[in-house]
Amino acid sequence: MEHIRTENNDGVFVVSMARGKANPLNDAMVEELNSAFQSAAKDEGVRGVVLASDRPKFFSGGFDVSEVFRYDRDTMTKFFGRFIDLYECMLKLPKPVVAAVSGHAFAGGAVLALACDLRVMAEGDFGFALNEINIGLVLPPGMIRMAAGAVGVAKARELVLEGKTFGPSEALESGLARDLASPDSVLERAMQRAREQGAKPPLTFGRVKRNFVEVAGLLSPGGDRQFLDRFIEHWFSPESVRHRQALIDSLRR
């Protein structure tokens, strides 16, 4: 694969994002991630999954501004639909999924971390943010459910409605991070967590995880694809277009 790397390490399937400086998500990368997680779900030799980054200081900066922001309506509909498929596949995966957040995680990158069962985050000057509201984007209900499931409603309000950036200390205090570790040891700690959970009876773990996701309301009933048309309509609204263009202009400066 071009944008990710995978390795089965004694039953822990490590999926490492490896694109550009900050792992910007585009159509091709999302397709590769979908393929990797679907393979992990079917492989009986995989007892746990870790989503990681091999880019220093970044987990993922979110959608590729230079590419995704220029998609036409049909391309954007396909792309975002597959992004929904990706995070819902991660939530429903009947195996433990751990995020090794070894750097900044913003927007779509933060969403992928939230779709994991738990997060190990790097100590240091790193941020975690769902900052879509600041650039005129509307999060589907499932993304908000995942945020609330991770940190509770009050803190999720800060993430979603304020676009607040959480540092490592606040992430740990709020429950967003299960552990903090040095950037060089985040992956090792995440793999350890995946092994601990993967050692549980696999059939039991898968069914209990499914029940937990349902009871905790982490998935929208019927899935987020039912909100896809609504998301696309707002994405191409004058307000959203104006704010995305302002972001592009600021990055050029």
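None of these values were measured; they are calculated from a predicted model.

Draft legend 1. Quick peek at the packing of aromatic side chains. A complete count under the given rule lists nine aromatic pairs for this structure. Residues Phe69 and Trp235 carry aromatic rings whose centres are separated by 5.6 Å and whose planes lie at 80° to one another, so their mutual orientation is edge-to-face. In this pair, Phe69 is assigned in the loop between α2 (65–68) and α3 (73–92) and Trp235 in helix α9 (residues 228–235), connecting sequence segments 166 residues apart. Residues Phe83 and Tyr87 carry aromatic rings whose centres are separated by 5.6 Å and whose planes lie at 75° to one another, so their mutual orientation is edge-to-face. Here Tyr87 and Phe83 lie together in helix α3, a separation of four residues that amounts to about one turn. The class for Phe83 is buried, based on a relative accessible area of 1%. Members of the aromatic cluster, joined through ring pairs, are Phe63, Phe69, Tyr71, Phe79, Phe80, Phe83, Tyr87, Phe231 and Trp235. Above the face of the Phe69 ring, Arg244 is positioned so that its terminal group lies 5.6 Å from the ring centre. One residue, Arg244, lies across the ring of Trp235, its end atom 4.0 Å from the ring centre.

Draft legend 2. Representation of the pattern of salt bridges in the model. Following the criterion strictly, the structure yields 20 salt bridges and no others. For Asp179, the salt bridge is made with Arg189, and the minimal N-O distance between the two is 3.4 Å. Of this pair, Asp179 sits in strand β10 (residues 179–181) while Arg189 sits in helix α7 (residues 186–198), placing them ten residues apart in sequence. Arg193 serves as the salt-bridge partner of Glu196, at 3.3 Å between the closest nitrogen and oxygen.

Draft legend 3. Molecular detail of the state of the cysteines. All told, the structure shown has zero disulfides when counted by the stated rule. Distance from the sulfur of Cys116, which forms no disulfide, to the nearest cysteine sulfur (Cys89) is 11 Å. Cys116 sits in the buried class, given a relative accessible area of 5%.

Draft legend 4. Here's a closer look at unusual backbone geometry. Of note in this structure, Asp10 is not a glycine but carries a positive phi near 50°. Structurally, Asp10 can be placed in the loop between β1 (4–9) and β2 (12–17). One non-glycine residue, Ala107, lies in the positive phi region at around 50°. Tracing the backbone through its elements, the reader meets Ala107 in the loop between β6 (104–106) and α4 (108–114). Looking at Ala107, the relative accessible area reads 14%, which means it is buried.

Draft legend 5. Quick peek at α7. Between its first and last C-alpha, α7 extends 18 Å over 13 residues, near the 18 Å set by a 1.5 Å rise per residue. Among all positions of α7, only Val186, Ala190, Met191, Arg193, Ala194, Gln197 and Gly198 are buried. The arc enclosing the buried residues of α7, seen along the axis, measures out at 160°, which places them on a common side.

Draft legend 6. Representation of the environment of Asn8 in the model. With respect to the secondary-structure elements, Asn8 resides in strand β1. You can call Asn8 partly exposed: its relative accessible area is 39%. Taking the C-alpha atoms as reference points, Asn8 and Ala40, 32 residues apart in sequence, are found 9.5 Å from one another. Aside from chain neighbours lying at most four places away, what touches Asn8 is Phe13, Asp43, Gly45 and Val46. Only 2.9 Å separates the side chain of Asn8 from the backbone nitrogen of Gly11, close enough to count as a polar contact.

Calculation criteria
Residues numbered from 1 in each chain as written. Predicted model: local features only at pLDDT ≥ 70, side-chain atom pairs only at ≥ 80, totals over all residues. Heavy atoms only, no water. Phe/Tyr/Trp six-rings, centres within 6.5 Å; stacked < 30°, edge-to-face > 60°. Helix = DSSP H or I, 4+ residues; strand = E, 2+ residues; numbered from the N terminus. Buried < 20%, exposed > 50% of the residue type's maximum accessible area, 1.4 Å probe, protein only. Lys NZ or Arg CZ within 6 Å of the ring centre and 35° of its normal. Salt bridge = Lys/Arg side-chain N within 4 Å of Asp/Glu carboxyl O. Disulfide = S-S within 2.5 Å. Expected span 1.5 Å × (residues − 1). Arc of directions from axis to C-beta. Contact = heavy atoms within 4.5 Å. Polar contact = N/O pair within 3.5 Å; in protein donor to acceptor, adjacent residues only side chain to side chain.

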